[in-house]
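# Working through the structure, step by step
As a plain string of letters, each chain reads:
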Protein chains: 2
Amino acid sequence: MPGGADLSIGAVAEATGVAVSALRYYDELGLIVPVDRVAGQRRFSPDVCGTVNFIRRAQRFGFSLEEVGVLLDDTERDWVGLVAAKLNDLRQQRVELDSMIHLLAEVQTCGCEVVASCPRIETDLAEHPETAC
Amino acid sequence: MPGGADLSIGAVAEATGVAVSALRYYDELGLIVPVDRVAGQRRFSPDVCGTVNFIRRAQRFGFSLEEVGVLLDDTERDWVGLVAAKLNDLRQQRVELDSMIHLLAEVQTCGCEVVASCPRIETDLAEHPETAC
DNA sequence: CCTTGACCTCAAGTCGACTTGAGGTTCTAC
DNA sequence: GTAGAACCTCAAGTCGACTTGAGGTCAAGG
């Protein structure tokens with residue numbers, strides 16, 4: 001057990017690419033926890049970098065910081081449900097995203113002057129009747 | 001030319017499922033334009049439903065309302081560039097989304113007690129060295 | 001005539017995730 | 001011993017996309 005290799009908040013910021021102010025904010029939310037304070041200054045275990053990276057990833061997954069809190073809480077038994085729900089979300093998002101990419105790719109080459117009146121978009125709308133007027 | 005079939009803001013709201021307050025906000029931004037005012041009240045062409053639906057779609061594409069404004073501006077020659085840029089974004093997003101779905105699906109079945117220490121996530125991190133500590 | 005409901009404007013509030021600023025302490029190097 | 005960097009707290013500001021609230025107008029129905 002090394003003992004003396006703890007990181008200042010600045011070191012964590014540099015290692016992870018996350019701003020110091022953001023790290024303090026995560027601390028405030030309890031997402032990361034300093035192992036110690038030296039003259040008032042936070043000292044983090046190097047492990048915290050993993051946690052920070054996890055937070056960033058999870059955000060990109062579409063989790064809010066509050067949800068990340070649940071994921072990180074080892075007394076929380078229901079993270080599996082949260083993951084399952086989020087997975088459904090993501091799959092749904094993917095379907096939408098695909099259709100949008102498809103649509104935009106067509107729009108790009110359709111030669112219309114004004115996007116809003118592009119027949120490809122009309123067509124697409126027609127395929128999604130829930131959005132019809 | 002029918003002439004008298006214009007819609008009140010409430011009718012547009014009902015037809016599109018978008019809140020009245022949001023429609024007024026779109027008007028304020030110039031994204032939708034009433035064809036008339038009757039005793040101060042907005043009257044919209046039924047076409048506006050198409051525009052509103054387009055706005056919602058574009059938002060789901062990841063366009064901001066400001067960008068939507070560019071898309072809807074028929075004097076704007078550069079919407080093709082905007083679409084191309086956004087298309088790149090979306091494709092990048094899709095790659096990320098896919099890897100996240102993959103990862104979450106594994107996490108879901110890995111049996112770990114605490115997500116943050118799940119080896120699958122560590123593995124995934126290892127594949128993205130830019131995030132290493 | 002009077003109420004009800006849909007509409008109006010304008011200002012201010014909300015939410016999440018931070019950032020910025022003021023004012024102060026502490027560590028490091030010379 | 002002193003300058004400058006890095007840290008601290010706490011309050012307030014920012015951004016986008018709306019929503020909410022106060023206070024008021026207007027047409028239709030009983």
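One can find the structure itself at the top, above this paragraph.
Residue indices follow the written sequence of each chain, beginning from 1 at its first position. Chains carry letters and ligands carry numbers; both start at the beginning, A for chains and 1 for ligands, and go up in the order they are written. Local features are withheld for residues below a pLDDT of 70 in this predicted model, meaning they are given only at 70 or higher, and side-chain atom pairs are given and counted only at 80 or more; totals for whole chains, interfaces and linings count all residues. Values reported for side chains reflect all heavy atoms of the structure, with hydrogen atoms and water molecules removed beforehand.

## Overview of the protein's contact with DNA strand D
- Surrounding DNA strand D, one finds 17 residues, the nearest of these being A:G10, A:R24, A:R42, B:S21 and B:Q59.
- It suffices for a single heavy atom of a residue to lie within 4 Å of a molecule or strand for the residue to be listed as near it. Sugar and phosphate atoms constitute 85% of the interface atoms of DNA strand D, taking the interface as everything within 4 Å of the protein.
- Any pair of nitrogen or oxygen atoms within 3.5 Å is treated as a polar contact; in protein, a donor-acceptor pairing is required on top of that, and neighbouring residues in sequence qualify only through side-chain atoms on both sides. With respect to DNA strand D, the side chain of A:R37 contributes an N or O atom lying 3.2 Å from a phosphate oxygen.
- Only helix 1 (9–16) and strand 2 (41–43) of chain A together with helix 2 (20–29) and helix 3 (47–61) of chain B provide two or more residues apiece to the surface near DNA strand D.
- Ranked by residue count, the leading element in the surface near DNA strand D is helix 2 of chain B, at four residues.
- The residue makeup of the surface near DNA strand D, split by class, is six nonpolar, seven polar and four charged. Put simply, DSSP H or I for four residues or longer makes a helix, DSSP E for two residues or longer makes a strand, and each gets a number counted from the N terminus. Basically, the charged four are Asp, Glu, Lys and Arg, the nonpolar ten are Ala, Val, Leu, Ile, Met, Phe, Trp, Tyr, Cys and Pro, and anything else, Gly included, counts as polar.

## Here's the deal with the packing of helix 3 of chain B against helix 4 (residues 65–72) of chain B
Residues and elements named next belong to chain B.
- Comment: axis = line fitted to C-alpha atoms, over the contacting stretch for helices; angle = value between 0 and 180 degrees taken between N-to-C directions. Remark: helix 3 packs on helix 4, axes separated minimally by 10 Å, with the N-to-C direction vectors making an angle of 130 degrees. The angle between the axes of helix 3 and helix 4 places the two elements in the oblique class. Classified by chirality, the crossing of helix 4 by helix 3 is right-handed. Where helix 3 approaches helix 4, its residues T51, F54, I55, A58 and Q59 are matched on the opposing element by L65, V68, L71 and L72.
- Residues belonging to the contact of helix 3 with helix 4 are distributed by class as follows: seven nonpolar, two polar and no charged. Each angle receives one of four descriptions, namely roughly parallel if under 35 degrees, roughly antiparallel if over 145, roughly perpendicular if within 65 to 115, and oblique otherwise. Each crossing gets its handedness from the near helix: less than a right angle anticlockwise from the far helix is left-handed, clockwise is right-handed. In this analysis, two residues are considered to be in contact whenever any of their non-hydrogen atoms come within 4.5 Å of each other.

## So, the nonpolar core
- Within this scheme, the nonpolar core is defined by two criteria: the residues are buried Ala, Val, Leu, Ile, Met, Phe, Trp, Tyr or Cys, and they are joined through side-chain atoms within 4.5 Å. Whether a residue is buried, partly exposed or exposed follows from its accessible area with a 1.4 Å probe, protein chains only, as a fraction of its type maximum: under 20%, in between, or over 50%, in that order. In terms of nonpolar packing, the biggest core is built from 68 residues, with A:L23 and B:L23 touching the most fellow members.
- Sequence-distant contacts of B:L23, defined by excluding residues within four places in its chain, comprise B:I9, B:V12, B:A13, B:V18, B:I32 and B:V52.

## Quick look at the protein's contact with DNA strand C
- Inspection of the region around DNA strand C gives 18 residues, with A:S21, A:A39, A:Q59, B:R24 and B:R42 positioned closest.
- Contributing elements (two or more residues each) for the surface near DNA strand C: helix 2 (20–29) and helix 3 (47–61) of chain A together with helix 1 (9–16) and strand 2 (41–43) of chain B.
- Looking at which element gives the most residues to the surface near DNA strand C, the answer is helix 2 of chain A, with four residues.
- Across the surface near DNA strand C, the residue classes tally to seven nonpolar, seven polar and four charged.

## Describing the packing of helix 5 (residues 79–108) of chain A against helix 3 of chain B
- Between helix 5 of chain A and helix 3 of chain B, whose axes approach to 10 Å, the crossing angle comes to 110 degrees. Considered as vectors, helix 5 of chain A and helix 3 of chain B are oriented roughly perpendicular to each other. Contacts between helix 5 of chain A and helix 3 of chain B pair A:E96, A:M100, A:L103 and A:L104 from the former with B:R57, B:R60 and B:F61 from the latter.
- Grouping the amino acids of the contact of helix 5 of chain A with helix 3 of chain B by side-chain chemistry returns four nonpolar, no polar and three charged.

## Focus on the pattern of salt bridges
- Whenever Lys or Arg places a side-chain nitrogen within 4 Å of a carboxyl oxygen from Asp or Glu, that contact is recorded as a salt bridge. Inspection of every chain in the model, using the stated rule, returns nine salt bridges over all chains.
- A salt bridge links A:K86 to A:E67; its shortest N-O distance comes to 3.4 Å. Remark: A:E67 occurs in helix 4 (residues 65–72) and A:K86 occurs in helix 5; sequence separation between them is 19 residues.
- Judged by its relative accessible area of 9%, A:K86 falls in the buried class.
- A salt bridge links A:D98 to B:R94; its shortest N-O distance comes to 2.5 Å. Taken as a pair, A:D98 in helix 5 and B:R94 in helix 5 (residues 79–109) lie in two separate chains rather than in one.
- Residue B:R94 is classed as partly exposed on the basis of its relative accessible area, which comes to 28%.
- Among the charged side chains, a salt-bridge network with shared partners connects A:R94, A:D98, B:R94 and B:D98.

## Focus on the environment of B:A13
All names here are of chain B.
- Looking at where A13 falls in the secondary structure, it is placed in helix 1.
- Taking the C-alpha atoms as reference points, A13 and C49, 36 residues apart in sequence, are found 8.8 Å from one another.
- Discounting chain neighbours no more than four positions away, the residues touching A13 are V18, A19, V20 and L23.

## Thoughts on the environment of B:L7
All names here are of chain B.
- In this fold, L7 is placed in the segment before helix 1.
- What makes L7 buried here is its relative accessible area of 19%.
- For the pair L7 and P34, spaced 27 residues apart in the sequence, the C-alpha separation amounts to 9.3 Å.
- If near-sequence neighbours (up to four positions away) are discounted, L7 is found in contact with V12, R42, R43, F44, P46 and C49.

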